[in-house]
Amino acid sequence: MNPKKYLTLTRMGIMESLQFRMSTVIIFVGNLLYLIVVYFLWKAIYASSGQEVVNGMTFSDTLIYLVLATALFNFMEMYTVWQIGRAIQSGSIVLYLLKPMEIRRYIFMEYSGNFIVNFFATLFPTFIVVNIVTHGAVPLGLNLLYFVVSVVIAVMINYNIDFFVGTICLYTESIWGINIMKQVIVLLLSGATIPLAFFPESIRNIVNWLPFQSIYNTPLTLLLGKTADIKDVAVILGTQLFWFLATYAVSKLFWKISLPQITVNGG
Amino acid sequence: MKRKGLLFYARLYCKILAQDLKSKMSYRADFIISTIGMIFTNIAGFISFWILFRNFSTINGWGYYEMLFLYGFSLVSLTPAQCFFDNNWSLRQYVYTGDFIKYCFRPINLFFYYQSEVFDIKGLGQLAFGLAMIIFSWIKLGLGFTPLMLIKLVIFLITASLVMIALQTAAAATCFWIHNSFFVLDLAFRFKDYAKYPITIFSKVFRFVFTFIMPIAFIAYYPSLVILRPDEVELLSWLSPLFGIAFFYIAYRIWMYGAMKYSGTGS
């Protein structure tokens, strides 16, 4: 394995994403508006409930959770389903298959530069701002380390799911429909729109057995420092790792089975 | 050039619509999957709403059924933008590739011709959801029923729908000036999710912003007050039809201005 070829792709990704500064500004404005809405909505909710702590979460916990969930969403969203779907429709998938690197790895490395840019452009500043606004509600300790490890695994689980869903596009002519379904399911069941702590007991029990909660809920709970015990942390990260391996295996297998299905009409 | 009448355009629209439906039917799988995706989105939106209200019975003095009414109202008033103006999403590509020039050579209104080319049937699912919510919460709230109320509801729904159409049209028109305008359109599209919240939850500054600068409060809040709380209707509620028309007209002029300046790509 030659790391140099991967780093070249990473560098390309960084340069490419720096090209589109305008879109970064617009995404930033969009997120800011979303955060304003979320802030006022939950402030009103907590004010009308008359309680400080609801389901084990205070107002600042909920705010940090939702704000960082949004930041994480923008950090992780790779548009892989669109990329694979379009490549299949246009036939340019052939160009990926001809590369001396596995397609799954190539697309990931091609995007990896964006992770670096996004980290410094959105995730890190958001974290700082949130911590200032909530007067340091996020404990700064080992939990940061757990968070980083957890986010790395979450990114890869998310990618596996995306790749799996992108493969479905081989069979259907639809990208929009498939992608929206994926997005809706992932965002709801991962606790990105509403923290899982607010879910009714019965639904939460089901959701806990699905891979989606590993994407947003796990890193964010670890960050908020609700689990101090090292043994609990190990179990949580272990579960996440399990889901990474499971989604990896399934999506790899599915791609392998599906590959012979590709038909490209001329060039 | 002779001005063409309304009847002429109505007949023309039906003809173009028939062609569009025929071409959609040839991609049946895509159509079915997209429709399911749309239904998914609505179900997930409702589930989030339901989970929220399981934890909190009122938000800022707004009860469950009142919020449900606002939600339903916003879904219905967003439907026309989804159904009739979906081609806005493709404008960017037409302009970029130069294909947009074909629309400029027709002896009919450019804006009309462009928008008439696509009718998005899957928006009808959203309409059904919204209507069901309005009717259900109407009954639960015991608002009573008079023909006058129905007329008011229809008028306010139609004019409220102009606001989202205006936002989307203006956002799409940015592609005449900037590249990568997808993010602007996506930003405007995300506004629709905030329309269902009562504007009273925001602070004064943002109440102003969401009323006059990014007028999402006119999508559901102001117009539905007329039905929902007839005793405390604000002046802005009565004026909301005028605002809807004004916003639409401004967006239309921006769009046309961009289109008239368009010089093609030379191919």
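This one's a predicted model, so the numbers in the text were calculated from it and none came from an experiment.

**A word on the overall build of chain A**
Here is step 1: Scanning chain A from N- to C-terminus turns up eleven helices and two strands.
Here is step 2: Helices and strands appear in chain A in the N-to-C order α-α-β-β-α-α-α-α-α-α-α-α-α.
Here is step 3: The C-alpha radius of gyration computed for chain A amounts to 20 Å, which stays within 12% of the reference 18 Å derived for 267 residues, consistent with globular compactness.
Here is step 4: Long-range contacts, defined as pairs at least 24 residues apart, comprise 82% of the intrachain contacts of chain A with a sequence gap of at least 6.

**Points about the overall build of chain B**
Here is step 1: Helix and strand counts for chain B come out as twelve helices and zero strands.
Here is step 2: Computed over C-alpha atoms, the radius of gyration of chain B comes to 20 Å, within 12% of the 18 Å expected from 2.2 N^0.38 for 267 residues, which places it in the range of a compact globule.
Here is step 3: Seen through its C-alpha atoms, chain B measures out along the principal axes to roughly 60 × 40 × 40 Å.
Here is step 4: In chain B, buried positions account for 37% of the 267 residues.
Here is step 5: For chain B, contacts bridging at least 24 residues in sequence account for 80% of all contacts bridging at least 6.

**Here's the deal with unusual backbone geometry**
All names here are of chain A.
Here is step 1: Backbone geometry places N55, a non-glycine residue, at a positive phi of 50°.
Here is step 2: Overall, the presence of 13 C-beta atoms within 10 Å leaves N55 in the partly exposed class.
Here is step 3: Of note in this structure, Y79 is not a glycine but carries a positive phi near 55°.

**Structural notes on helix α8 (residues 176-189) of chain A**
Here is step 1: Its 14 residues place the ends of α8(A) 20 Å apart at the C-alpha level, agreeing with the 20 Å of an ideal helix rising 1.5 Å per residue.
Here is step 2: With ten of 14 residues buried, α8(A) lies mostly within the body of the structure.
Here is step 3: Along α8(A), the residues classified as buried are A:G177, A:I178, A:N179, A:I180, A:M181, A:Q183, A:V184, A:V186, A:L188 and A:L189.
Here is step 4: In this structure, the buried side of α8(A) is in contact with α4 (80-90), α7 (142-168) and α9 (201-207) of chain A together with α2 (28-55) of chain B.
Here is step 5: In the segment just after α8(A), A:G191 is the residue with positive phi, at about 80°.

**A closer look at the interface of chain A and chain B**
Here is step 1: In this assembly, 33 residues from chain A lie in contact with 32 residues from chain B.
Here is step 2: When residues of the side of chain A that touches chain B are traced back to their parent elements, those giving at least two are α2 (21-49) and α8 of chain A.
Here is step 3: Here the side of chain A that touches chain B gets 15 residues from one element, more than from any other, and that element is α2(A).
Here is step 4: Class assignment of the residues belonging to the side of chain A that touches chain B gives a composition of 23 nonpolar, nine polar and one charged.

**Thoughts on the confidence of the model for chain A**
Here is step 1: Of the residues in chain A, 95% have a pLDDT of 70 or more, and the chain-wide mean is 84.
Here is step 2: Ranking the helices and strands of chain A by mean pLDDT puts helix α11 (residues 230-258) of chain A first, with 92, and helix α1 (residues 3-19) of chain A last, with 74.

**Observations regarding helix α11 (residues 221-228) of chain B**
Residues and elements named next belong to chain B.
Here is step 1: Of all eight residues in α11, seven are buried, a share of seventy percent or more.
Here is step 2: Y221, Y222, P223, S224, L225, I227 and L228 are the residues of α11 that are buried.
Here is step 3: The secondary structure elements touched by the buried residues of α11 are α3 (64-84), α8 (147-173) and α12 (235-261).

**Looking at the environment of A:N31**
Residue and element names in this part refer to chain A.
Here is step 1: With respect to the helices, strands and loops of the structure, N31 is situated in helix α2.
Here is step 2: In the structure, N31 is positioned 149 residues away from I180 in sequence and 19 Å away in space, judged by C-alpha atoms.
Here is step 3: Leave out the neighbours within four places in its chain, and N31 touches T70 and N74.

**Things to note about the packing of α4(A) against α7(A)**
Residue and element names in this part refer to chain A.
Here is step 1: It is at 8 Å that the axes of α4 and α7 come closest, and there the two elements cross at 30°. Comparing their axes, α7 and α4 come out roughly parallel. Along this stretch, α4 crosses α7, giving a crossing that reads as right-handed. Together, T80, V81, I84 and G85 of α4 and Y159, D162, F163, V165 and G166 of α7 make up the contact between the two elements.
Here is step 2: Class assignment for the residues of the contact of α4 with α7 results in five nonpolar, three polar and one charged.

**Quick notes on the packing of α3(B) against α11(B)**
Residues and elements named next belong to chain B.
Here is step 1: Running from N to C, α3 and α11 cross one another at 130°; their axes reach a closest spacing of 10 Å. Put simply, α3 runs oblique to α11. The chirality of how α3 crosses α11 is right-handed. Together, E66, F69, L70 and F73 of α3 and Y221, S224 and L228 of α11 make up the contact between the two elements.

**Notes on the confidence of the model for chain B**
Here is step 1: Looking at chain B as a whole, its pLDDT mean stands at 86, while 98% of the residues score no less than 70.
Here is step 2: Quick note on the complex model: pTM equals 0.84, ipTM equals 0.82.

**Observations concerning the environment of A:F40**
Here is step 1: Within the fold, A:F40 resides in helix α2.
Here is step 2: Of the residues examined, A:F40 has 20 C-beta atoms within 10 Å and is grouped as buried.
Here is step 3: A C-alpha to C-alpha distance of 10.0 Å links A:F40 and A:L63, two positions 23 residues apart in sequence.
Here is step 4: With sequence-adjacent residues up to four places away left out, A:F40 is seen in contact with B:I201, B:F202, B:S203 and B:F206.

Calculation notes
- Residues numbered from 1 in each chain as written.
- Chains lettered and ligands numbered in written order.
- Predicted model: local features only at pLDDT ≥ 70, side-chain atom pairs only at ≥ 80, totals over all residues.
- Helix = DSSP H or I, 4+ residues; strand = E, 2+ residues; numbered from the N terminus.
- Rg over C-alpha atoms; globule rule 2.2 N^0.38 Å.
- Contact = placed C-beta atoms within 7 Å.
- Buried ≥ 20, exposed ≤ 12 C-beta atoms within 10 Å, placed from the backbone.
- Expected span 1.5 Å × (residues − 1).
- Nonpolar A, V, L, I, M, F, W, Y, C, P; charged D, E, K, R; others polar.
- pLDDT = per-residue confidence, 0-100.
- Axes fitted to C-alpha atoms, helices over the stretch in contact; angles between N-to-C directions.
- Parallel < 35°, antiparallel > 145°, perpendicular 65-115°, else oblique.
- Left-handed = near helix turned anticlockwise from the far one by under 90°.

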